[in-house]
Amino acid sequence: MTTRTLPPAAYDKVTATVGRDTGEQRTATLWTHAAALVRHAHDHGLAPTDDRPAGPDGLLKSLESLADCHPSLAPLADPAVLPLWEQPLNATAWAAIEEFWDRHPALEDEHRVDGYALGDTYQLLSEEARKGRALCQTPPWVARLLLRLSLEPAMEEWGPANVRMIDPACGTGHIAVAAFHMTRVPPVRGRRPAPVGHGPQAVERALAAVTGVDLDAYAVALTAYRLLASSASVLGVSLDRVPASWPVNVTAADSLLDRTEPLLAAGTYHACVANPPYITPKDPVVRDQVRAAYPQVAAGKYSLALPFTALMLEHLAVPDGFVAQLTANSFMKREFGRRYVTEFLPRFDARWIIDTSGAYIPGHGTPTCILVHRARPPVGDTVTVVRGNRGEPHIPEDPAQGLVWRAIEEAVDSRLAWDRFQAGADLARRDGGDTA
Ligand SMILES: C[S@@+](CC[C@H](N)C(=O)[O-])C[C@H]1O[C@@H](n2cnc3c(N)ncnc32)[C@H](O)[C@@H]1O
């Protein structure tokens, strides 16, 4: 499933037009995107009233009424997150926003209401988030593979009702929303009955299992909205009918440096899953703070992806917890990765190394790999490696069906099937031995 979008220049054009009124790009982006979010809520019967906004004032009122639906949506009416109340919009800019979304392809197809397109369009509209914080959506098929190698075995080991996962660089929530659905309807293995997944209990449990943290407060508000929109649509209700007591565990914070945020408490998560930023911090103060907090990995012109690995493996994961990431492979080739490769990673139990550099992952111009570890010293002598031979011969129309990506998924499927077969055979042998 891919979001249908307009050419990138169309997003730049609308924010430039709105920016001529607001005088500031970030606010122009937020006005434009907030209009899409409110449309989404109305189009899918999630808004508490039928009154669609007829102008900028109406949009502000709609945001206030969405913010009242659930405590986790309060940031939608917080001027510190959305400084729209301080920067009113003129009629021309509002008309440009309306015209833009009128000709934009539908924000969801009819079966989806979990806001993938809202995430993708925020990335397209916000140059500041793309360039400043390395916001780059993790496509759903990549999120699914990461979760199959981490959250899924964690659910098998600790039980779906107990498991907790975090994406500490959650962006607009692609991984978090996929994790919500995976915990709501855990995969069926063997002859177990299929779980129901659409009752209130399953939805509340899935919300409780998922956590997201990001520096970008609006992206975090979007993640909260998407988790609630998914919950409400599964239950067939509007957002205000999702009980206020149900947890939506998302917050805006610096995951690398904040040690007071409860959602970043040590030893909490059975699965840590991320597509961390690969950039080097631009601000020299932050660069030094991160270097001081992560001396074991932050050497030279380090990429932020390395401290994120340390954060997940050494701080956030429970003992034995799973850590999966789609990350840049630059650490394999550059000097800053030397200590990480020779001293840091060997301390942990590597499970999978998958070369995704030949796959076409939209937006990810940097060559990537998938790393999956467990937060414990190495166990056994097997690490499963999926090596790349060639890249895509041409850009695939549907990147999820690209030849390289399909080959990776098939390699993973056959290895997982073999592992399950082995585990079953071991069990049968042991049970046979017990009764003999
Ligand atoms: C590659 S994007 C992740 C995208 C996300 N998986 C999604 O699909 O929306 C990297 C994210 O890391 C966030 N980020 C960068 N530095 C951070 C930090 N120190 N703490 C928390 N988040 C951070 C950025 O704001 C950005 O949203």
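Residues numbered from 1 in each chain as written. Predicted model: local features only at pLDDT ≥ 70, side-chain atom pairs only at ≥ 80, totals over all residues. Heavy atoms only, no water.

A look at the pattern of salt bridges
Applying the stated rule across the entire model yields 20 salt bridges. The residue Asp216 makes a salt bridge to Arg133 at a minimum N-O spacing of 2.9 Å. Placement of Asp216 in the loop between strand S2 (210–214) and helix H11 (217–235) and of Arg133 in helix H6 (residues 127–133) is noted, with a sequence separation of 83 residues between them. For the salt bridge of Arg406 with Glu410, the shortest nitrogen-to-oxygen distance reads 3.4 Å. Taken as a pair, Arg406 and Glu410 lie in helix H15 (residues 403–435) at a separation of four residues, close to a single helical turn. Overall, the relative accessible area of 26% leaves Arg406 in the partly exposed class. In this structure, a network of salt bridges that share partners links the residues Arg26, Glu128, Arg133 and Asp216. (Salt bridge = Lys/Arg side-chain N within 4 Å of Asp/Glu carboxyl O. Helix = DSSP H or I, 4+ residues; strand = E, 2+ residues; numbered from the N terminus. Buried < 20%, exposed > 50% of the residue type's maximum accessible area, 1.4 Å probe, protein only.)

Overview of the site of the ligand
The local shell around the ligand holds 23 residues, among which Thr138, Thr172, Asp214, Asp254 and Ser255 are the closest. Note that a nitrogen atom of the ligand is positioned 2.7 Å from one of the side-chain N or O atoms of Thr138. When the ligand is considered free in solution it has 610 Å² of accessible area, and contact with the protein chains removes 97% of it. The site holding the ligand turns out to be the second largest pocket. Among the residues forming the shell around the ligand, the class breakdown is 11 nonpolar, eight polar and four charged. Two domains each donate at least three residues to the shell around the ligand, and these are domain 1 (1–136) and domain 2 (138–436). (Near = heavy atom within 4 Å. Polar contact = N/O pair within 3.5 Å; in protein donor to acceptor, adjacent residues only side chain to side chain. Areas by Shrake-Rupley, 256 points an atom, 1.4 Å probe, with all protein chains shown as cover. 1 Å grid on protein atoms, 1.4 Å probe; cavity = no way out; pocket = protein on both sides within 12 Å on 5 of 7 lines; lining within 4 Å. Sits in = over half its atoms within 2 Å of the grid points. Nonpolar A, V, L, I, M, F, W, Y, C, P; charged D, E, K, R; others polar. Domains from an automatic or database assignment.)

A few points about the packing of helix H10 (residues 200–209) against H11
Two elements in contact, H10 and H11, have axes whose closest approach is 10 Å; the angle formed by their N-to-C orientations is 170 degrees. The angle between the axes of H10 and H11 places the two elements in the roughly antiparallel class. Contacts between H10 and H11 involve Pro200, Val203 and Leu207 from the former and Leu227, Ser231, Val234 and Leu235 from the latter. Of the residues assigned to the contact of H10 with H11, the class counts are six nonpolar, one polar and no charged. (Axes fitted to C-alpha atoms, helices over the stretch in contact; angles between N-to-C directions. Parallel < 35°, antiparallel > 145°, perpendicular 65-115°, else oblique. Contact = heavy atoms within 4.5 Å.)

What about the pairing of strand S7 (residues 368–374)?
The side chains of a regular strand alternate between the sheet's two faces. Most of S7 is tucked away: seven of the seven residues are buried. Of the two faces of S7, the one holding Thr368, Ile370, Val372 and Arg374 and the one holding Cys369, Leu371 and His373 are both buried throughout. Sheet topology note: the strand S5 (residues 317–328)/S7 ladder contains seven bridges and is antiparallel. Bridged to Ala328 within S7 is Thr368. Pairing analysis gives six bridges linking strand S6 (residues 349–355) to S7, with the strands arranged antiparallel. By the bridge assignment for S7, Ile353 is matched with Leu371. (Pairing = 2+ DSSP bridges.)

A word on the UniProt feature "domain: Type II methyltransferase M.TaqI-like" (unreviewed entry) in the protein chain
Under the present numbering, the feature "domain: Type II methyltransferase M.TaqI-like" (unreviewed entry) in UniProt falls on residues 210–356. Strand forms 23% of residues 210–356 and helix 33%; the C-alpha atoms that close the span are 26 Å apart. (UniProt positions renumbered as here; feature names shortened; annotations may be inferred.)

Some remarks on the pairing of strand S3 (residues 249–252)
As paired strands, S2 and S3 are joined by four bridges and run parallel to one another. Across the sheet, residue Asp214 finds its bridge partner in S3, namely Ala252. A crossover links S2 with its parallel partner S3, the connecting element being H11, and its sense is right-handed. (Right-handed = clockwise from strand over helix to strand, strands pointing away.)

Thoughts on the domain arrangement of the protein chain
According to the domain assignment, the protein chain contains domain 1 (1–136) and domain 2 (138–436). In this assembly, domain 1 packs against domain 2 so that about 3,000 Å² is buried in total across both faces, 68% of it on carbon and sulfur atoms. A salt bridge links Asp216 to Arg26; the nearest nitrogen and oxygen atoms lie 3.3 Å apart. At the boundary of domain 1 with domain 2, the tally comes to 15 residue pairs in polar contact (both at pLDDT 80 or more). When residues of the side of domain 1 that touches domain 2 are traced back to their parent elements, those giving at least two are helix H2 (25–43), helix H5 (116–125) and H6. Of the residues belonging to the side of domain 1 that touches domain 2, the class tally is 24 nonpolar, nine polar and five charged. (Buried area = accessible area lost by both parts, 1.4 Å probe.)

Some points on the sheet that holds S7
Here eight strands make up an open sheet; going across it, the order is S3-S2-S1-S4-S5-S7-S6-S8 and the pairing mixed. Strand pairing shows two members of the sheet lacking a second neighbour, S3 and strand S8 (384–386), which therefore form its edges. Each neighbouring strand pair of the sheet contributes to a mean axis angle of 10 degrees, computed without reference to strand direction. Inspection of the sheet shows strand S1 (residues 165–167) paired to strand S4 (residues 269–274) by two bridges, in the parallel sense. From the neighbouring strand, Ile166 faces S4, where its bridge partner is Cys272. Here helix H7 (residues 140–148) sits on the sheet in contact with S1, S4, S5 and S7, set at roughly 150 degrees to S5. Sitting on the sheet, H10 touches S1, S2 and S3, and the angle it makes with S2 is about 40 degrees.

Here's the deal with the state of the cysteines
In this structure the tally under the stated criterion is zero disulfides. Here Cys272 is not disulfide-linked; the sulfur of Cys170 is the nearest cysteine sulfur, at 13 Å. Its relative accessible area of 0% is what places Cys272 among the buried residues. (Disulfide = S-S within 2.5 Å.)

Some words on the packing of H7 against helix H9 (residues 174–184)
Put simply, H7 and H9 touch, their axes get as near as 9 Å, and they point 55 degrees apart. Classified by the interaxial angle, the pair formed by H7 and H9 is oblique. Crossing hand, H7 versus H9: right-handed. For the pair H7 and H9, the contacting residues are Pro140, Ala143, Arg144, Leu146, Leu147 and Arg148 in the first and His174, Ile175, Ala178, Ala179 and Met182 in the second. Looking at the contact of H7 with H9, its residues break down into eight nonpolar, one polar and two charged. (Left-handed = near helix turned anticlockwise from the far one by under 90°.)

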